[in-house]
Amino acid sequence: MNTLLHILPRWLGMAATLLLGGMAGTAWAVIDGVSGPTFNLTAKADYISAADGNYIYAWGYANGAGPMQYPGVTMIVNQGDTVTVNLSNELPVPVSIVFPGQQGVVSSGGVTGLIEQEAPAMSGGVPGTVSYTFTATHAGTYLYHSGTQPALQVEMGLLGALIVRPAVANQAYGHANTRFDHEYLFLLTEMDERIHDEVELLVAYEQPVNVDTSIYKPEYWFINGRNAPDTMLEPDTPWLPTQPYNSMPRMHPGEKLLMRVINAGRDLHPLHTHGNNIWVLARDGRMLESAPGTGPDLAFSDFTLRTVPGETYDAIFEWTGKGLDWDIYGTNLAHTCNGKSIGQAQDPGAPTYDPITKEYCADHGKTIPVVLPNLQGLTTGPHYSGSPYLGQFGNLTPGSTLLNENAGYFHMWHSHNEREIVNNDIFPGGMMTMLIIEPPGVAIP
Amino acid sequence: MNSVKLRKLVLPLALAACGLSASQAGAAVFVQCPGDTNGDAIPDTAVDPSVKCVHLAAGDGFSTMADGKVVYGFGFADITGVAPADAINTGLLAANFSAPTIELKEGDKFYLTLTNVGMVIRPDLFDPHTVHFHGFPQQAPVFDGMPEGSFGVNMGSSVTYFYNVLEPGTFIYHCHMEATEHMQMGMLGNLFVRPAQDGTPIAGYTRFAYNDGDGSTGYHKAYPLQLGSLDHNFHDSSEAVQPLPFAEMRDTYTLFNGRGYPDTVNPGALPTPLDPDSGESKNFGNQSQKVSSLVTLDRATEGTRLLLRFSNLNVTNYYTVTALGLPMRVVGGGAHIARGPDPDGAGPLQGKDLYYDTGSVTLGGGEAVDVIVDTAGLPAGTYFLYTTNFNYLSNNDEDFGGMMTEIVVQN
Ligand SMILES: [Cu+2]
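Residues numbered from 1 in each chain as written. Chains lettered and ligands numbered in written order. Predicted model: local features only at pLDDT ≥ 70, side-chain atom pairs only at ≥ 80, totals over all residues. Heavy atoms only, no water.

## Section: the coordination of the copper ion
Residues and elements named next belong to chain B. The following threshold applies: With water omitted from the atoms examined, metal sites may look incomplete; donors here are N, O and S atoms no farther than 2.8 Å from the metal, or 3.2 Å in the case of Na, K and Ca. A four-donor site is classed as tetrahedral when every donor-metal-donor angle falls between 85 and 135 degrees; four donors are called square planar, and six octahedral, when trans pairs exceed 155 degrees and all remaining angles lie between 65 and 115, with any other arrangement labelled irregular. The way it works is that DSSP assigns letters per residue, a run of H or I at least four long becomes a helix, a run of E at least two long becomes a strand, and they are numbered from the N terminus. Classification of residues uses two cut-offs on accessible area relative to the type maximum, computed with a 1.4 Å probe and protein chains only: under 20% is buried, over 50% is exposed, and between them is partly exposed.
In this structure, His129 (ND1), Cys175 (SG), His182 (ND1) and Met187 (SD) serve as the protein donors to the copper ion, at separations of 2.0 to 2.6 Å. Its 4 donor atoms give the copper ion angles of 89 to 126° at the centre, a pattern that matches the tetrahedral case. All donors to the copper ion come from one chain, and their sequence spacing reads H-x45-C-x6-H-x4-M. With histidine 129 in the loop between β4 (109-118) and β5 (132-134) and methionine 187 in the loop between α3 (179-184) and β9 (188-194), this residue pair connects regions lying 58 residues apart in the sequence. Pair check on accessibility: histidine 129 and methionine 187 agree, each one buried.

## Observations regarding the state of the cysteines
One way to say it: the disulfide is the covalent bond shared by the sulfur atoms of two cysteines. Our working rule: Pairs of cysteine sulfur atoms within 2.5 Å are what we label disulfides.
Scanning all chains against the criterion turns up 2 disulfides over all chains. Note that cysteine 337 of chain A is cross-linked by a disulfide to cysteine 361 of chain A, the S-S spacing being 2.1 Å. As the torsion about the S-S bond is roughly -85°, the cysteine 337 of chain A-cysteine 361 of chain A disulfide counts as left-handed. With cysteine 337 of chain A in the loop between β19 (312-318) and β20 (378-380) and cysteine 361 of chain A in the loop between β19 and β20, this pair connects stretches of sequence that are 24 residues apart. Exposure remark for cysteine 337 of chain A: the relative accessible area of 0% places this residue in the buried category. A sulfur-sulfur distance of 2.0 Å marks the disulfide that ties cysteine 33 of chain B to cysteine 53 of chain B. Since a negative S-S torsion denotes a left-handed disulfide, the cysteine 33 of chain B-cysteine 53 of chain B link at about 90° is right-handed. Of this pair, cysteine 33 of chain B sits in the loop between α1 (2-21) and β1 (51-64) while cysteine 53 of chain B sits in strand β1, placing them 20 residues apart in sequence. Residue classification places cysteine 53 of chain B among the buried residues on the basis of a relative accessible area of 10%.

## So, the confidence of the model for chain A
We count it as follows: Within a predicted model, pLDDT stands for the predictor's per-residue confidence, ranging from 0 to 100. Throughout, a contact is declared for two residues whenever any of their heavy atoms are within 4.5 Å.
Looking at chain A, the pLDDT average stands at 93 and 93% of residues meet or exceed 70. Per-residue pLDDT stays below 50 along residues 1-29 of chain A; that stretch engages in 65 contacts with residues further than four places along the chain or on separate chains.

## Notes on the side chain of glutamine 153 of chain A
Residues and elements named next belong to chain A. Within the secondary structure, glutamine 153 is located in helix α2 (residues 150-156). Residue class for glutamine 153 comes out buried when judged on its relative accessible area of 1%. Filtering out sequence-adjacent residues up to four positions away, glutamine 153 remains in contact with Trp59, Val93, Pro94, Val95, Ser146, Thr148 and Leu158.

## Topic: the packing of aromatic side chains
What counts is decided by this rule: Pairing of aromatic side chains requires ring centres within 6.5 Å, counting the rings of Phe and Tyr and the six-membered ring of Trp. Pairs whose planes differ by under 30 degrees are stacked, by over 60 edge-to-face, and all others tilted. A ring has a charge above it when a Lys NZ or an Arg CZ is no more than 6 Å from the ring centre and no more than 35 degrees off the ring normal.
Within the structure shown, the criterion is met by 28 aromatic pairs over all chains. Pairing tyrosine 61 of chain A with tyrosine 144 of chain A gives two aromatic rings, centres 5.6 Å apart and planes at 45°, and the pair type is tilted. In this pair, tyrosine 61 of chain A sits in strand β3 (residues 55-63) while tyrosine 144 of chain A sits in strand β8 (residues 140-145), placing the two residues 83 residues apart along the sequence. Where tyrosine 72 of chain B meets phenylalanine 74 of chain B, the ring centres are 6.0 Å apart and the plane angle is 85°; that geometry is what we call edge-to-face. Since its relative accessible area comes to 0%, tyrosine 72 of chain B is described here as buried. The class of phenylalanine 74 of chain B is buried, set by a relative accessible area of 2%. Joined through ring pairs, the aromatic side chains of Phe303 of chain A together with Phe110, Phe133, Phe136, Tyr161, Tyr163 and Phe171 of chain B make up one cluster. We note arginine 266 of chain A situated over the ring of tyrosine 216 of chain A; from NZ or CZ to the ring centre the distance is 4.0 Å. The cationic tip of lysine 282 of chain B hangs over the ring face of phenylalanine 62 of chain B; the distance from NZ or CZ to the ring centre is 4.3 Å.

In structure tokens, the structure reads:
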């Protein structure tokens with residue numbers, strides 16, 4: 001019960017940035033990354049910040065001369081692009097990149113490695129280099145990572161996402177049934193700090209980097225390189241200089257949210273989406289289709305996505321509140337559904353949803369059939385507006401912090417192996433973030 | 001024991017006093033159930049037959065592992081039918097493991113009242129609790145029981161969750177308050193929704209996992225089987241008011257429906273857990289492990305097809321289970337029939353068939369899978385259902401136990 005106290009400053013810090021982010025209307029956007037088709041990555045070392053305040057030594061693929069980052073640069077290209085990745089290596093060990101799911105990768109320069117050409121270790125202040133070129137023939141969500149001693153180097157942070165967009169905007173693949181309104185990346189990883197500490201010492205003393213990776217006891221779990229609650233901070237926040245990406249999915253009722261999910265860790269992670277089931281459209285960058293051109297007709301519905309190490313998934317989440325049997329906009333404030341006020345009947349043959357608010361009109365004007373306890377009986381959470389209704393605020397437990405600026409609906413999206421939603425011994429944290437269903441009219445970039 | 005007994009006497013009084021000082025019905029037992037006039041969560045007057053009410057208490061208690069180890073935990077007790085004045089007293093040290101099974105039918109209007117009765121063994125804890133109806137479609141935070149986006153209910157108070165039940169399938173429920181802790185501590189249960197198609201004869205069946213339109217999910221007898229596991233060191237730390245070892249969490253007992261083999265095949269409730277020294281009940285005489293996992297099928301009278309409603313609600317591991325000698329057909333998962341999207345949007349009937357035959361199923365935490373076992377033509381006998389993660393097929397140090405049960409098929 002006391003564990004929340006340790007982390008409270010972090011949540012309060014979030015309050016400030018949440019507000020700033022909302023007011024500036026910036027950067028909660030789409031998927032942050034670098035557009036191709038040419039990328040200059042630099043493998044280097046630095047520290048990342050765990051959400052319990054711990055600093056962990058890590059390796060990552062930086063964007064050119066930029067800071068080391070975890071995960072590496074999210075590379076965004078268009079289907080059909082000839083992609084070139086120039087890797088410069090400032091680490092004391094040879095490093096490479098492999099691109100699972102891509103065919104015909106050609107390397108140039110570097111030295112021969114076991115499964116891929118490698119950039120040699122930095123020597124005398126001169127980085128080793130290697131280049132890779134391939135044609136991005138298939139749209140989809142992919143992982144890239146070091147192919148050199150991957151048990152160690154991927155654990156150290158040498159991994160990232162590659163997104164290949166089809167010709168048609170706002171589609172995951174070349175079929176209309178993969179259309180989306182918003183898209184977000186969920187790159188899932190974990191870390192065992194012992195390995196990082198040992199590597200840090202060996203590097204500091206210029207010793208060969210030989211570390212036992214067979215014993216594995218992770219204490220930190222990440223989405224897009226951050227532990228909760230840092231997942232919900234803005235991207236590029238100044239106090240996380242080596243962890244530029246956040247995970248803050250937002251949508252309006254009735255919209256389609258594309259989840260691009262990658263498991264880049266060692267363990268399976270069951271990703272649970274509160275709020276509704278998802279439709280899984282694709283795996284490893286290939287649509288789940290019964291024949292070319294059918295679209296994702298073999299998609300499956302689930303409430304917990306089993307993510308397997310090395311696999312990627314594209315899934316669509318939608319939410320309208322359909323069939324709750326009460327009005328999500330409340331009966332205390334006047335509003336219309338298909339132009340009808342509360343108490344007015346819908347016209348025969350009227351649309352199922354209001355065209356603007358996406359309210360499910362069959363539930364329009366219905367009151368919640370239970371009385372909620374008064375505040376004495378409740379402990380309200382930081383993301384509860386105080387009202388059951390979308391877009392309305394209400395009373396909260398005195399002294400509580402409100403981290404919900406638009407009275408949106410917050411649904412936790414998290415690993416359902418719940419020992420992964422802690423930061424070491426502190427709950428909550430880890431592989432967790434919140435979906436925000438924002439009221440109509442709230443701008444989402 | 002004396003302090004525990006004292007707390008049983010004092011806690012309801014303290015909570016009652018708390019309720020009296022409250023201005024409204026916030027800090028008091030408050031059951032909401034249409035047609036119920038006396039607060040016992042049973043309608044007294046004629047109401048909409050689709051109304052279903054359940055009253056759960058959230059509190060603490062003990063359970064017995066199959067090697068005899070008694071572990072402390074948190075959990076839910078079914079106090080439906082108990083008068084409000086007696087609700088807290090009845091709910092003390094009555095936590096069930098697994099939680100009481102909740103069975104619903106598509107079309108139900110489900111009123112679930114949760115009363116937080118407090119922790120007898122941990123009087124220092126004032127933890128709120130919630131019910132998270134995991135997988136409920138189109139959910140709004142107010143009834144989702146995810147306390148960061150809504151609220152938990154405080155000790156001595158009640159909240160009534162409302163669910164308009166429109167989707168059939170195998171769901172699960174659990175407390176979401178400080179989820180890693182309260183779930184490791186055992187606030188986990190089976191919950192499933194029978195489809196509207198039930199009762200309509202199709203292809204020789206009258207009961208179905210889903211609204212399949214063709215009887216392909218038909219079955220004769222169904223069992224919910226919830227995979228679970230716990231770390232007794234974590235539970236012992238909680239009981240002893242020690243720091244909770246989240247990072248060191250390693251589950252030591254694996255379970256079906258809150259029991260390890262051979263307790264899984266006890267057809268009744270397990271006896272109340274006993275203090276090994278005094279021989280007295282640790283639970284005021286309450287039984288806590290009421291959900292058997294013994295599967296029986298008398299083919300002469302019951303039929304040949306079983307539906308196994310698998311779910312996994314442990315917080316640490318994936319588990320694979322197999323039914324040695326029996327065929328498995330996966331017909332659903334995630335509370336959805338195993339069919340692709342409906343091309344015309346007119347219901348689930350037209351989607352591509354995704355059923356598959358298998359010898360095992362794998363589930364992580366928060367996953368559910370519907371498996372049909374057709375015993376037609378198979379010899380009668382006792383078949384074993386167990387985890388193939390053999391390092392976990394134990395009751396802590398004791399092999400052969402843990403996540404295993406029996407399927408007894410008669411001619
Ligand atoms: Cu709880």
